[in-house]
Amino acid sequence: MTENPPVRRLSDWSPKRLRALAGEHGTPLYVLDPDRVRENAARLRGAFPEADVSYALKANTTRAVLETVESTGLGAECASAGEVQRAIDAGFPAHRVRYTAVNPPARDLDHVVELAQSHDFVLTIGALDTLDRLLDRGYAGRLCVRVNPGVGAGHHAKVTTGDAPQFGVPYDRAAGVCARIRTETPALDLVGLHAHAGSGISGEDLSAHRELVRRMGALGSEVGGLDFVAVGGGFGVPYRPDEPPLDLDAVAEETREAFEGCDAQLAIEPGRYLVADCGVLLMSVTAVKPTPETTVIGVDAGMTTLLRPALYDAVHEIRSLTEENDRVDRSCLIAGPICETADVLDRDRSLPDPQRGDVLAVGNAGAYGYEMASQYNSRPRPAVVSATGERIARRETVSDLTRLER
Ligand code: LLP
């Protein structure tokens, strides 16, 4: 049996290899290892053998990741028409693709209804209003209803979804909505229910997740005649080096227990869990500035490269890849090149006396890293390569920034 540890820590990546990639491709640079995506998929499948497992594309939509996930047999959970198109382009068979529409723009509905004429995927609606808009466009395929389960969890208030009114049909109304769909729109095939508690669920939030599964299982039984009940994604990963990984088997066991009595298939749709530890971000030290409070380390990656620290106060492990091991550790504030106070990757990180030109590695950057990168401050987005050095996405140039205006 091949070894498949529950987490790949930043210290498990070869510094030599990462230094070589930074030297060859420049920084900032995302490095993604598709083999690790495969391992994560295998662990999920092992823990949830009876479940229908889909990958939530929003965590990382690079083609290399999508093709790897597809090859493991997982489905695709999409949040936009663009993601649906990417999933299909990457080879996901349509019957394994779901589109969960959140306040969908007209263009998204036009696109997916058009695609649905030749592809049999599942559309998930979170409001009857969306159903009307689908019917206006002549949609007559498989349908799933997103429910607001009234219970949320997550690593930050901004990603705690389950009790936020913008998502899903209120729990108490969901059975009625399903009954109405069945009687009033017989052309549609109601196949599933959906809910999502939030993102980055840790061991501490498991009771909220269990409650969500219990409620959804009960609702699934009440509605009856469904193919699946999706209980979302959200499985957290350890961002701090001393944080234990989620006990996936325990989560699976709890989920199964909470779902007992529901005869629809359990469906899960993790994003982060599949891709977070398949990626690191490499960046170079561009400036070292002693100040009375701390040593400010300027780097060539910032909130436009990795938004999570600025947006969610997220902590990512950061290590120096320097070979010189006689340097004294120094407490540093690591800041990017963006003219915003929020552009700090870490306020208090101990690093071996950083010098200009050193390469630093940021761990767990495979999920919501490159995916949330922007061109703010007219910064071209970074390159992405595989761990073996193949190009996944080329580095943008300054002329890419104005391409759409010409
Ligand atoms: N399903 C639905 C309906 C979702 O909204 C999400 C994430 C997922 C599945 C996948 O959640 P995951 O397994 O990746 O936690 N940008 C934030 C995370 C936002 C997640 C939004 N929805 C971050 O960087 O932490």
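Quantities reported herein were computed from a predicted structural model and do not represent experimental measurements.

Here's the deal with the overall build of the chain
Point 1. Helix and strand content of the chain: 12 helices and 18 strands.
Point 2. By the compact-globule yardstick of 22 Å for 406 residues, the chain fits well, its C-alpha radius of gyration being 22 Å.
Point 3. Each principal axis of the C-alpha distribution contributes one length, and for the chain these read about 70 × 50 × 45 Å.
Point 4. Nonlocal contacts in the chain, meaning residues at least 24 apart in sequence, comprise 71% of its contacts between residues at least 6 apart.
Point 5. Carbon and sulfur atoms make up 48% of the accessible area of the chain, which totals about 17700 Å².
Point 6. Within the chain, one finds 44 positive and 59 negative side-chain charges whose respective centroids are separated by 4 Å.

What to know about empty space enclosed by the protein
Point 1. If you walk through the whole model with that rule in mind, you get three cavities of 30 Å³ or more.
Point 2. Of the volumes computed, that of the largest cavity is approximately 80 Å³.
Point 3. As for the largest cavity, its lining consists of 14 residues, and the residues nearest its centre are Pro6, Val237, Pro238, Tyr273 and Asp277.
Point 4. When residues in the lining of the largest cavity are grouped by element, the largest group, three residues, is from helix H2 (residues 34-47).
Point 5. In terms of residue class, the lining of the largest cavity is built from eight nonpolar, three polar and three charged.
Point 6. Taken together, Leu206, His209, Arg210, Val213, Val251, Glu254 and Thr255 form the lining of the second largest cavity.
Point 7. Of all the elements in the fold, those that place two or more residues in the lining of the second largest cavity are helix H8 (206-223) and helix H9 (248-259).
Point 8. For the lining of the second largest cavity, the element with the most residues is H8, which contributes four residues.
Point 9. A class-by-class count of the residues in the lining of the second largest cavity yields three nonpolar, two polar and two charged.

Comments concerning unusual backbone geometry
Point 1. The omega angle of the peptide bond from threonine 27 to proline 28 is -5°, so this bond is cis rather than trans.
Point 2. As for its placement among the helices and strands, proline 28 is situated in the loop between helix H1 (15-25) and strand S1 (29-32).
Point 3. Non-glycine residue asparagine 377 carries a positive phi angle of around 65°.
Point 4. Locating asparagine 377 in the fold gives a position in the loop between strand S16 (359-362) and strand S17 (383-386).
Point 5. Of note in the backbone geometry, serine 378 takes a positive phi value of approximately 50° without being a glycine.
Point 6. Take serine 378: it is sitting in the loop between S16 and S17.

Section: the side chain of histidine 194
Point 1. Within the element layout of this structure, histidine 194 appears in strand S8 (residues 189-194).
Point 2. With sequence-adjacent residues up to four places away left out, histidine 194 is seen in contact with Glu77, Thr100, Thr124, Cys144, Val145, Arg146, Val147, Met216, Ala230 and Glu269.

Remarks on the confidence of the model for the chain
Point 1. Looking at the chain as a whole, its pLDDT mean stands at 96, while 100% of the residues score no less than 70.
Point 2. For the chain, per-element mean pLDDT is lowest for H9, which scores 94, and highest for S1, which scores 99.

Regarding the site of the ligand
Point 1. Taken together, 19 residues form the shell around the ligand, and within it His155, Ser199, Glu269, Arg308 and Tyr368 come nearest.
Point 2. Within the contact set of the ligand, an oxygen atom lies 2.8 Å away from a backbone nitrogen or oxygen of glycine 271.
Point 3. Note that a nitrogen atom of the ligand is positioned 2.8 Å from one of the side-chain N or O atoms of tyrosine 312.
Point 4. Burial of the ligand by the protein amounts to 92% of the accessible area it has alone, namely 580 Å².

Quick notes on H1
Point 1. Buried within H1 are the following residues: Leu18, Leu21 and Ala22. An end-on view of H1 places all buried positions within 100° of arc, on one side of the element. Looking at H1, the residues exposed on the side facing more than 90 degrees away from the buried face are Lys16, Gly23 and Glu24.
Point 2. Those residues of H1 hidden inside the fold are in contact with S1, strand S11 (279-290), S16 and S17.
Point 3. Directly after H1, the chain includes glycine 26, whose backbone phi takes a positive value near 80°.

As for the domain arrangement of the chain
Point 1. Each assigned domain of the chain is listed here: domain 1 (34-270) and domain 2 (277-405).
Point 2. For domain 1 and domain 2, the distance between their C-alpha centroids amounts to 32 Å.
Point 3. Counting residues at the interface gives 20 residues for domain 1, matched by 16 residues for domain 2.
Point 4. The largest per-residue losses of area from domain 1 upon contact with domain 2 belong to Ala59, Thr62 and Tyr239, which jointly make up 32% of the total buried on that side.
Point 5. Joining domain 1 to domain 2, the criterion identifies one salt bridge.

Looking at the nonpolar core
Point 1. Ranked by internal contacts, the top residues of the largest apolar core, which has 104 residues, are Phe48, Phe121, Leu193 and Ile334.
Point 2. When residues of this core are assigned to their parent elements, the largest contribution, seven residues, is made by H8.
Point 3. In this structure, this core is formed jointly by two domains, domain 1 (34-270) and domain 2 (277-405), each of which donates at least three residues.
Point 4. Apart from the residues lying within four places of it in its own chain, the contact partners of leucine 193 are Cys144, Val145, Val147, Cys178, Met216, Leu219, Gly220, Val223, Leu226, Phe228, Val229 and Ala230.
Point 5. One finds Leu21, Leu321, Val359 and Val385 within the second-largest nonpolar core, a separate group that totals 15 residues.

A word on the environment of valine 280
Point 1. Relative to the helices and strands, valine 280 is located in strand S11.
Point 2. Separated by 249 residues in the primary sequence, valine 280 and valine 31 place their C-alpha atoms 5.3 Å from one another.
Point 3. Excluding its chain neighbours within four sequence positions, the residues that come into contact with valine 280 are Leu10, Trp13, Leu18, Leu29, Tyr30, Val31, Val362, Gly363 and Ala365.

What about helix H5 (residues 106-116)?
Quick reminder: α-helices carry 3.6 residues per turn. Residues three or four places apart thus point the same way.
Point 1. Among all positions in H5, only Asp108, Leu109, Val112, Val113, Leu115 and Ala116 are buried. Angular distribution of buried residues about the axis of H5 spans 160°; they occupy a single face of the element. Those residues of H5 that are exposed and aimed more than 90 degrees away from the buried face are Arg107 and Glu114.

Reading the values: the criteria
- For every chain, the first residue of the written sequence is number 1, and numbering continues from 1 along that sequence.
- Given that the model is predicted, a residue must reach a pLDDT of at least 70 before its local features are reported, and side-chain atom pairs must reach 80 or more before they are shown or counted; all residues, however, enter totals for whole chains, interfaces and linings.
- With hydrogens and water excluded, all non-hydrogen atoms of the structure serve as input to the side-chain values.
- Each helix is a run of DSSP H or I of at least 4 residues and each strand a run of E of at least 2, with the numbering of both proceeding from the N terminus.
- Radius of gyration here uses only the C-alpha atoms, and the compact-globule reference equals 2.2 Å multiplied by the residue count raised to the power 0.38.
- The contact rule is simple, with two residues in contact once any of their heavy atoms fall within 4.5 Å.
- Exposure was quantified through the Shrake-Rupley algorithm and a 1.4 Å probe, taking into account, for residues, occlusion by the shown protein chains and nothing else.
- Asp and Glu count as negative and Lys and Arg as positive, but His and the ends of the chain are not part of the count.
- All charge positions are set by atom: Lys at NZ, Arg at CZ, Asp at CG, Glu at CD.
- A cavity, in this analysis, means grid points on a 1 Å lattice covering only the protein atoms where a 1.4 Å probe fits yet has no way out; a pocket is instead an open set bounded by protein on both sides within 12 Å along at least five of seven lines, and a residue lines either one if it has an atom within 4 Å of a point.
- Grid points are joined across faces, edges and corners, and a volume is the space filled by probe spheres set on the points.
- Only Asp, Glu, Lys and Arg are considered charged in this grouping, and only Ala, Val, Leu, Ile, Met, Phe, Trp, Tyr, Cys and Pro are considered nonpolar; every other residue, Gly among them, is considered polar.
- Residue-level confidence of the predictor, termed pLDDT, takes values from 0 up to 100.
- In these notes, residues near a molecule or strand are those with any non-hydrogen atom within 4 Å of it.
- Counting of polar contacts relies on pairs of N or O atoms within 3.5 Å, with two restrictions inside protein: one atom must be capable of donating a hydrogen and the other of accepting it, and residues adjacent in sequence are counted only when both atoms are side-chain atoms.
- Here's how the labels work: a residue is buried when its accessible area is under 20% of the maximum for its type, exposed when over 50%, partly exposed in between, all with a 1.4 Å probe on protein chains only.
- The arc in question is traced by the directions running from the helix axis to the C-beta atoms.
- How far each domain reaches was decided by an automatic or database domain assignment.
- Here the quantity called buried area is the total loss of accessible area, with a 1.4 Å probe, experienced by two parts when brought into contact, counted for both.
- We count a salt bridge whenever a side-chain nitrogen from Lys or Arg sits within 4 Å of a carboxyl oxygen from Asp or Glu.
- Among the buried residues, those of types Ala, Val, Leu, Ile, Met, Phe, Trp, Tyr and Cys that are joined through side-chain atoms within 4.5 Å form a nonpolar core.

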